[in-house]
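Spelled out, the chains give:
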Amino acid sequence: MASYNTPILIQQLDSSTERWSDYCRPRANINKTAGGEYFDAGTNISRSTYEFRLRYCLAVEKILFNTESYRIVYGGRGFDIKDADRFAESTAEIKLVGEYNGATRIDQ
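Residues numbered from 1 in each chain as written. Predicted model: local features only at pLDDT ≥ 70, side-chain atom pairs only at ≥ 80, totals over all residues. Heavy atoms only, no water.

Student: Can you break down the pattern of salt bridges residue by residue, with the values?
Tutor: As enumerated under the stated definition, the model contains 6 salt bridges in all. Between E61 and R86 there is a salt bridge, with its nearest N and O atoms 2.8 Å apart. On the criterion of sequence distance, the pair formed by E61 in helix 1 (residues 58–61) and R86 in the loop between strand 7 (77–85) and strand 8 (93–100) is long-range, its members being 25 residues apart. A residue is classified by how much of its surface remains accessible, and R86, at 13% relative accessible area, is buried. The residue E89 makes a salt bridge to R86 at a minimum N-O spacing of 2.9 Å. Given the relative accessible area of 58%, E89 is considered exposed. In this structure, a network of salt bridges that share partners links the residues E51, R53, E93 and K95. (Salt bridge = Lys/Arg side-chain N within 4 Å of Asp/Glu carboxyl O. Helix = DSSP H or I, 4+ residues; strand = E, 2+ residues; numbered from the N terminus. Buried < 20%, exposed > 50% of the residue type's maximum accessible area, 1.4 Å probe, protein only.)

Following this line, the structure appears as structure tokens:
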């Protein structure tokens, strides 16, 4: 079993106001899975992909089929949720894959 020792913040997008609001504050086991750099309009931008493993709960389960309405805030960065996986319908753990594109800084 993973150690869920790092606090993160999950925010939900309000589609009518296009503003992010705090949704839940779970603890996670975090692992960087990929990274790279690219140029956009002459600017060097880094991209990082992280895997966030969380204890299963109903609040996090709602993200499974609606990843575009949520994001993860970790280390002052906003991660777009690219995938949510509850392996074999597990009720113990859920995995969220988040991508940071080098542009979204969040001041908490």
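Student: Which residues make up the environment of E89, and what values go with them?
Tutor: Assignment of secondary structure puts E89 in the loop between strand 7 and strand 8. A polar side-chain atom of E89 sits 2.9 Å from a polar atom in the side chain of R86. (Polar contact = N/O pair within 3.5 Å; in protein donor to acceptor, adjacent residues only side chain to side chain.)

Student: Give me the nonpolar core: which residues, what numbers.
Tutor: I8, I10, F52, L54, I72 and L96 are the most contacted members of the largest nonpolar core, which totals 18 residues. When contributions to this core are tallied by element, the ones reaching two or more residues are strand 5 (43–55), strand 6 (70–74), strand 7 and strand 8. Leaving out residues up to four positions away in the same chain, I10 has contacts with S21, D22, Y23, C24, P26, L54, I63, Y70, R71, I72 and L96. (Core = buried A, V, L, I, M, F, W, Y, C linked by side-chain atoms within 4.5 Å. Contact = heavy atoms within 4.5 Å.)

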